[in-house]
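# Residue-level structure breakdown
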Amino acid sequence: MSARPRRRWVAAAGAVAAASLLVAGCTSNEPQETEETATQEAPQAPSGGNDEQGDEVVIGFSAPASDHGWMGSITKSAQDVAAEYPDIDLRVAEGTNDVNLQISQIEQFINDGVDAIVLLPFDGAALTEVAIKAMQAGIVVVNVDREFDDPTAARTTVLGDNYGMGISAGRFICDQLGGTPDAKVAEIAGIDSLPLTQDRSKGFADALGECGLKVSNRVAADFTVQGGEAAAANLLQAAPELDAIWNHDDDQGVGVLAAIEAANRDEFFMVGGAGSKNVMEAIKADDTVLKATVIYPSTQAADGIKLARLLVQGKSMSDLVEVEVPRTVQLYAPVVTKENVDQYLPTAFES
Amino acid sequence: MSESNLASSAADVPADAAPPAVRPPRARASGLHGAAARNLGLVIALVAICVVGIVTAGDRFWDLSNALTILRLASVIGVLSIGMTFVITGGGIDLSVGSVLGLASVWASTLATQTMARDSHWVVMAVCAIAVGIGAGLVNGVLIAYGKVVAFIATLAMMVAARGLAEMIANRQTQVVRVPEFISFFRMSPLGVPMLVWIFAVVAVAGWVLLNRTTFGRRTVAVGGNAEAARLAGIKVQRHTMYLYALAGLAAGVAGLMMLGRTTAGSSTNGQLYELDAIAAVVVGGTLLSGGRGTIVGTVLGVLIFTTLTNVFTQNNLSISAQSIAKGAIIVGAVLLQQRFADRSRAGT
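Residues numbered from 1 in each chain as written. Chains lettered and ligands numbered in written order. Predicted model: local features only at pLDDT ≥ 70, side-chain atom pairs only at ≥ 80, totals over all residues. Heavy atoms only, no water.

## Details of the overall build of chain B
Put simply, the test is: Only DSSP runs of H or I reaching four residues or more are called helices, and only runs of E reaching two or more are called strands; each is numbered from the N terminus. Note on classification: 1.4 Å probe, protein chains only; a residue is buried when its accessible area is under 20% of the maximum for its type, exposed when over 50%, partly exposed between these limits. In what follows, residue pairs with any heavy atoms lying within 4.5 Å of each other are defined as contacts. Only the protein chains shown count as cover for residues, and the accessible areas themselves come from Shrake-Rupley with a 1.4 Å probe.
Along chain B, the regular secondary structure elements total 16 helices and 2 strands. By residue count, 53% of the 349 residues in chain B fall in the buried class. When contacts within chain B are restricted to residue pairs at least 6 apart in sequence, long-range pairs at least 24 apart make up 80% of them. Of the accessible surface of chain B, which amounts to about 14,500 Å², a share of 69% is contributed by carbon and sulfur atoms.

Right under this line is the structure:
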């Protein structure tokens, strides 16, 4: 008789225990789950700190038309980085080479009241006025690659090192040609009207000057394959004998190589610029005149997005002692050769 | 002007057409399908685009500051298009306006011009830009009217040459305007409307009056409709043609000045491909590409349709590629519609 109630007791206690376990299990599971999803959504955020999710940041992004690989990669890498952060709402105004239209895109961002604008202007001077307007409206403006002509028009500027690119390319050519004083060095520039092209050429001339060389032939193209082909074809006609060529841009480099192959020339070596994937692969394979390229990072707008997020959320760059995000971040222009190409291939852009 | 013009328009313009008489037959025959109906069609298209904007972007689209953004974007191309309307109505075409815009913006912002402007008055820059525009337009006009060069070729040559000259003058660099009075003039917005939009409005009204209410306008229509008939009616066709290109050049100069005010920098890259935007706006607006009929209201609506479309696409984060496809579809649709109207009015006569 007495065994029966005891059994009931045990059953009841067991049921309660099971139920409480279940409840406890449920409740304790919940935070675990959110932790998991949070880390899944932000795989690039292992160390916490700055990458931890913060308040939502609305970022407007505008860049010139993706008419060559480097510029295409600018927008794509910006979108990729934004997608890694659940707290970034990125609005991309599609690329344009018309400053009138680009100004109106920024005006639209101002009207929308975005938190930050990451802007790679087609022409820095032409977009300065509207950038100042955005800053005055309390929007954080991050200027990428082509500088405004007024320092108050942007909170932070991300720059490649155009002068440094010229220096890197020039020093590499000096190293290779050091012993030959009358070496003929040609230069295929990008769009001449851009200050960045002038900076690159100046750096190149300065570095060559250090070893007593100078540019013997110079032509300018327009960053496109067809422009590179036309410019290189003319250059090769004009210079029957060359020792080295520096081509400012790997996108137009596709056309430059086509012209070199068409002319059946291989008495020189060529240094590229910007760092596209196919150029790096050619350097790795070592079966063309391409022996090196100098990097001009196509991820600078992505860096701009990250900085804009930090600025709006009031964070700083955690690797610096400084409590605020710096005014200017300038990226480095290393030389990529067969020896170190594997290190740079992952961040190369498709042209 | 060209032979094809004569052939196509001879049918519906009586040989003795005095300038004012060119229009009535068409207007009477088309009835509801006249200019008013065409403009109504454009207004409906514009409203439709706005509705799409409101539905997809809501308050962000339906906002005064957004409307002003659209208008500011429209004003530079708008002024170019007004000039283009006259040339096309007169049976011609001008491919050089975008380059002339660039040249005017560069020439008006050279160090020399800016120094002179600082020493005297910023208007020097405006005068310079406009003079450059008129000058380039006169060269076009003389080549076409007296040199008998086909308009397409003459203005194509000017398009290339003006861009080259702009690059040479600017040394391919961007020239920043450092004349404070100039910049603050374009920063003003009287009655809450930006200066650029005011200029566009003034140019549009002046263009409307000139085309619809003056002998000059009636002559333009007559020359474009049937140059031979216009000559027989006593119009100095060559001189008038020259004036038309000078007028387009003037508009390009003003547009260059506006670009300078908007960007505060003169660059040889300014206004690239704007000639095509202007032609598209003019044709969509209802001006006949073969000449003989022109509408300023239509052109303004055409410009607004394209810029509003751009705005809506940007509001919705849509790509410019999709936008170009939509633009192409609108151009084709508008021209097909015009042909239908033209057929009807011809059948009516």
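## So, the confidence of the model for chain A
Residue and element names in this part refer to chain A. Here is the rule we go by: Summary of the metric used: pLDDT quantifies the predictor's per-residue confidence within the range 0 to 100.
Within chain A, residue pLDDT values average 85, and 86% of them lie at 70 or more. Mean pLDDT values for the elements of chain A range from 49 in helix α1 (residues 3-41) up to 97 in strand β3 (residues 116-119). Confidence over residues 21-46 falls short of pLDDT 50; this stretch has 6 contacts with residues more than four positions distant or in other chains.

## Digging into the interface of chain A and chain B
This is how it is decided: Buried area is understood as the total, over both parts, of accessible area removed when two parts are fitted together, assessed with a 1.4 Å probe. In the sections that follow, a salt bridge refers to a side-chain nitrogen of Lys or Arg positioned within 4 Å of a carboxyl oxygen of Asp or Glu. Identification of polar contacts relies on pairs of N or O atoms within 3.5 Å, with a donor-acceptor requirement for protein atoms, meaning one able to donate a hydrogen and the other able to accept it, and with residues adjacent in sequence counted only if both atoms are side-chain atoms.
On the chain B side, the residues contacting the 29 residues of chain A number 31 residues. Buried area between chain A and chain B, both sides added, is near 2,600 Å², and the carbon and sulfur share of it is 46%. Interface area lost by chain A to chain B is led by Asn 100, Gln 108 and Glu 129 of chain A, which between them contribute 24%. The shortest N-O distance in the salt bridge between Arg 60 of chain B and Asp 112 of chain A comes to 3.0 Å. Inspection of the chain A/chain B interface yields 11 residue pairs in polar contact (both at pLDDT 80 or more).

## A few points about the UniProt feature "transmembrane region" (unreviewed entry) in chain B
Heads up, the rule is: UniProt positions are given in the numbering used here, feature names are shortened, and annotations may be inferred rather than shown by experiment.
When the UniProt feature table is mapped to this numbering, "transmembrane region" (unreviewed entry) covers residues 40-58, 70-89, 95-113, 122-143, 149-170, 191-211, 242-261 and 273-306 of chain B. End C-alpha atoms of residues 70-89 of chain B are separated by 27 Å, and the span's content is 100% helix alongside 0% strand.

## A few points about the nonpolar core
Selection criterion: Side-chain atoms within 4.5 Å link the members of a nonpolar core, which is a set of buried Ala, Val, Leu, Ile, Met, Phe, Trp, Tyr and Cys residues.
Ranked by size, the top nonpolar core spans 105 residues in total, and within it Ile 106, Ile 117, Leu 127 and Phe 148 of chain A together with Leu 80, Met 125 and Phe 182 of chain B carry the most contacts. Ranked by residue count, the leading element in this core is helix α13 (residues 237-263) of chain B, at 12 residues.

## Things to note about the side chain of Thr 293 of chain A
All names here are of chain A. Within the secondary structure layout, Thr 293 lies in strand β10 (residues 290-295). Assessed through its relative accessible area of 0%, Thr 293 is described here as buried. In terms of polar contacts, Thr 293 uses its side chain to reach the backbone amide nitrogen of Gly 273, at 3.1 Å. Contact partners of Thr 293, with chain neighbours within four places excluded, come to Asp 250, Val 271, Gly 272, Gly 273, Ala 274, Gly 275, Val 279, Ile 283, Pro 334, Val 335 and Val 336.

## As for the environment of Asp 161 of chain A
Residue and element names in this part refer to chain A. Relative to the helices and strands, Asp 161 is located in the loop between β5 (156-159) and α5 (162-177). By relative accessible area, which is 19% here, Asp 161 ends up buried. Along the primary structure Asp 161 and Leu 331 are separated by 170 residues, whereas in three dimensions their C-alpha atoms are 6.0 Å apart. With near-sequence residues (within four places) excluded, Asp 161 lies in contact with Tyr 296, Gln 330, Leu 331 and Ala 333. A polar contact is formed between the side chain of Asp 161 and the backbone nitrogen of Gly 164, at a distance of 2.8 Å.

## Points about the state of the cysteines
Residue and element names in this part refer to chain A. Threshold: We call a pair of cysteine sulfur atoms a disulfide when they lie within 2.5 Å.
Tallied over the entire structure, the rule returns 1 disulfide over all chains. A sulfur-sulfur separation of 1.9 Å characterises the disulfide bridge that pairs Cys 174 with Cys 211. In this structure the cystine formed by Cys 174 and Cys 211 twists about its S-S bond by roughly -75°; its chirality is therefore left-handed. Here Cys 174 is found in helix α5, whereas its partner Cys 211 is found in the loop between α6 (195-210) and β7 (215-220), with 37 residues between them in sequence.

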